[in-house]
Amino acid sequence: MALPIWLFILASVIKSVIVLGVLLTAVAYTVWLERKVVGHMQNRWGPTRVGPFGLLQPAADGLKFIFKEDLTPPHVYKPLFIAAPMIALIFALTSISVVPFGNSFTIHGYTIPLQITDVNTGLLLILGITSIGVYGVALAGWSSNNKYSLLGGLRASAQMVSYEISLGLSLVGVLIMSGSFSLRAIVDAQSGHFWGFIPRWNIFHGQIIGFFCYLIAAYAETNRIPFDLPEAETELVAGYHTEYSAMKFAMFFMAEYTNMITVACVATLLFFGGWHGPLFGPPLVRVILPLFWFAVKIFAFLFLYIWVRGTLPRFRYDQLMAFGWKFLLPLALVNLIATAIAVAW
Amino acid sequence: MVPLSYYLVLSGFLFACGVAGFLIKRNIITIFMSIELMLNGVNLSFVAFAAHWHVLAGQVFVFFVMVVAAAEAAVGLAIIISVYRTRETLNVDRVNLLKL
Amino acid sequence: MSVHLILFLAFGAVCVAGAVNLLAQRHPINGALSLIAVMAALAGEYLLLGAEFVAAVQVIVYAGAIMVLFVFTIMLLNAGVEERTKDSRVAILLGVPGVLLGGVLVGWVVLRHSGTEAVPAGALPGDPATIGQLLFHEFLLPFEITSVLILIAIMGAVVLAGKPATSPAGKVEE
């Protein structure tokens, strides 16, 4: 049964508020997790002072960002300097709107999907929004009127445009197999098991090369180590956000971690079967479990991000470009052709 | 419901702005952007006609226009960069010699 | 007024404002940003016309790739405020009235002759599957030709921008 219009709007608003709240909390605690895990990897403790295990550290950081003085250096191009962090954050947050978190549930005969909106070009929408997010970084670098910022902005735009191609191509294999751009349809195509016990996820369905390409390209898209050249602090001070302070800096920070979570969501949905996982127990547990599996998979990806950060050194810029164009792009193309042949067989 | 003519007027306006920009702008990059604006105006009329006549070919044509625009942007910006390397200016009025 | 018309007017207003701003701004980066706004608003118009795949591709290709190249070039060359010369004043004096006249004429003709037949909303299946069928069956030859065009464009761009500037003697410096 379809919802009446006012109930639909109400449900959408409630869903948006919940998703945004959970997302921003997740962002804050990803930062905490990163500091903690990298700390332990480097034989340190990470944050311990604020709250038990430093669990209140994100709140303290937030307060600090709010109360710091918001400097605007005199030599910047002001309109874009102010707009750039907002562009970065807004587009990072928007892309979560098409991500489905679980099956739909039914209240009083009304079916409500666990997703803000299901559009049948959902994946394209995410790709489009993330590709517009480049402007935040590029404009921040340019408008700061500072050579380190400019270099960071140039590096970021070249890197993101280059790796976007590999990113898109690595997803086409999955699209061929599921035959839809809708993220919900892609997840539904991955339900069931091979031989009764191996889950029918795309990663076990011949898309392991595609997943490998996606993961590497996604690291480059989110400017994370080993591809964090736009903000390489040992070469460029802090890259594109050198001149930013207080909340404007925090916006870039939040945008980066939101992008990490979005990338983890897309990887989970496309390659790891979304919310599918073993279901057992009483009805209430059966409703909660898909959400739990989804969260577990995303947590695994975030942990992998941090693990890679604790392990790998940074690329040199020419290595980065050569790797993207000469290795990753051909590999993604080979994966695409192989998948097409396998499906046509 | 929106009449077809509204879309066509908007498309025509964008195209006219593109032509005007092409004529009055003196920065090569802005001139290039005016060309992109013209192509966008044309694309809108393609899609509007596709919806009006129920022929999907109009939407397919938009893809071809986009491909041409992408190719044009790649080559054009490369030309701009090499012009800037030799002339050190982006003003078209100063790029009026065939030879250095 | 239907919701459709309101949305059309809203997106159309953004388009018009962006296009006029492109003409008014002297700095290329402001021009590039207003063009991005135009393109995003056009994607909205495509959605209203039921062309959802075209809308998505418009955002990815135009706003996300082509315009990033423009912004990248502006940043790379550190393009400053556009300078005016004598010729540009002539162009403004002749160009603006001429273009305005042409625009008004076209608008008048279109509004007078095409009547007010409404474009039906979402009547056309603009989804990726249908477009793909058409593109890879009926339009296969043009599609392949455009792929050759893209290849040539890539090679041209690499040749033009990849090498360092030629020295006056005509030899390419390493």
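Residues numbered from 1 in each chain as written. Chains lettered and ligands numbered in written order. Predicted model: local features only at pLDDT ≥ 70, side-chain atom pairs only at ≥ 80, totals over all residues. Heavy atoms only, no water.

## What about the arrangement of the chains?
Pairwise contact counts over the two pairs of chains in contact peak for chains B and C. For chain A and chain B, which are not in contact, the least C-alpha distance works out to 13 Å. (Contact = heavy atoms within 4.5 Å.)

## Brief notes about a nonpolar patch on the surface
Residues Ile5(A), Trp6(A), Phe8(A), Ile9(A), Leu10(A), Val13(A), Ile14(A), Val17(A), Ile18(A) and Val22(A) make up a contiguous nonpolar surface patch of roughly 1000 Å² in combined accessible area. Examined against the element boundaries, Ile18(A) turns out to sit in helix α1 (residues 5-41). (Patch = residues over 30% accessible without salt bridge, like charges linked within 9 Å, V, L, I, M, F, W, Y side chains within 5 Å. Areas by Shrake-Rupley, 256 points an atom, 1.4 Å probe, with all protein chains shown as cover. Salt bridge = Lys/Arg side-chain N within 4 Å of Asp/Glu carboxyl O. Helix = DSSP H or I, 4+ residues; strand = E, 2+ residues; numbered from the N terminus.)

## Looking at the domain arrangement of chain C
All names here are of chain C. Each domain of chain C was delimited in the assignment, giving domain 1 (1-82) and domain 2 (126-163). Relative to domain 2, the C-alpha centre of domain 1 lies at a distance of 23 Å. Facing the four residues of domain 1 at the interface are four residues of domain 2. Note on domain 1 versus domain 2: buried area summed over both sides is about 310 Å², and carbon and sulfur give 71% of it. When residues of domain 1 are sorted by the area they lose upon contact with domain 2, Gly50, Glu52 and Phe53 head the list and together hold 87% of the total. There are zero salt bridges connecting domain 1 and domain 2. Classifying every residue of the side of domain 1 that touches domain 2 gives two nonpolar, one polar and one charged. (Domains from an automatic or database assignment. Buried area = accessible area lost by both parts, 1.4 Å probe. Nonpolar A, V, L, I, M, F, W, Y, C, P; charged D, E, K, R; others polar.)

## Let's talk about the interface of chain A and chain C
Contacts between chain A and chain C engage 22 residues on the former and 21 residues on the latter. Interface area for chain A against chain C, summed over the two sides, is near 1900 Å², with a carbon-plus-sulfur share of 78%. Sorting the residues of chain A by area buried against chain C places Tyr135(A), Trp142(A) and Leu154(A) first, and these three jointly supply 33% of that buried surface. Inspection of the region where chain A meets chain C yields zero salt bridges. Connecting chain A to chain C are three residue pairs in polar contact (both at pLDDT 80 or more). For the side of chain A that touches chain C, the secondary-structure elements that each account for two or more residues are α4 (122-132), α5 (134-143) and α6 (147-178) of chain A. Per-element tally for the side of chain A that touches chain C: the top contributor is α6(A), with seven residues. Class assignment for the residues of the side of chain A that touches chain C results in 15 nonpolar, six polar and one charged. (Polar contact = N/O pair within 3.5 Å; in protein donor to acceptor, adjacent residues only side chain to side chain.)

## Re empty space enclosed by the protein
Residues and elements named next belong to chain A. This model, assessed by the stated rule, comprises one cavity of 30 Å³ or more. If you add up the space inside the largest cavity, you get close to 360 Å³. If you go around the largest cavity, you meet 26 residues; those closest to its centre are Thr130, Met160, Glu221, Thr222 and Asn259. Where the lining of the largest cavity is concerned, the elements lending two or more residues are α3 (78-94), α4, α5, α6, α8 (208-221) and α10 (246-271). When residues in the lining of the largest cavity are grouped by element, the largest group, seven residues, is from α10. (1 Å grid on protein atoms, 1.4 Å probe; cavity = no way out; pocket = protein on both sides within 12 Å on 5 of 7 lines; lining within 4 Å. Points joined across faces, edges and corners; volume = space filled by probe spheres on them.)

## Re the packing of aromatic side chains
All names here are of chain A. For the structure on display, the rule yields 32 aromatic pairs over all chains. With a centroid separation of 4.2 Å and 10 degrees between ring planes, the pair formed by Phe81 and Tyr244 is classed as stacked. Placement of the pair is Phe81 in helix α3 and Tyr244 in the loop between α9 (233-236) and α10, with a sequence separation of 163 residues. Take Phe81 and Tyr244: they sit in the same class, and that class is buried. Through successive ring pairs, a cluster of aromatic residues spans Tyr163, Phe227, Phe315, Phe323 and Phe327. (Phe/Tyr/Trp six-rings, centres within 6.5 Å; stacked < 30°, edge-to-face > 60°. Buried < 20%, exposed > 50% of the residue type's maximum accessible area, 1.4 Å probe, protein only.)

## Focus: the layout of surface pockets
Residues and elements named next belong to chain A. Looking at the second largest pocket, its volume works out to about 890 Å³. Lining the second largest pocket we find 33 residues, and of these Ile18, Val19, Val22, Phe101 and Leu291 sit closest to its centre. For the lining of the second largest pocket, the elements supplying multiple residues, two or more each, are α1, β1 (102-107), β2 (110-114), α10 and α11 (283-311). Of the residues forming the lining of the second largest pocket, the biggest block, 14 residues, is contributed by α1. For the lining of the second largest pocket, the residue count by class is 30 nonpolar, two polar and one charged.

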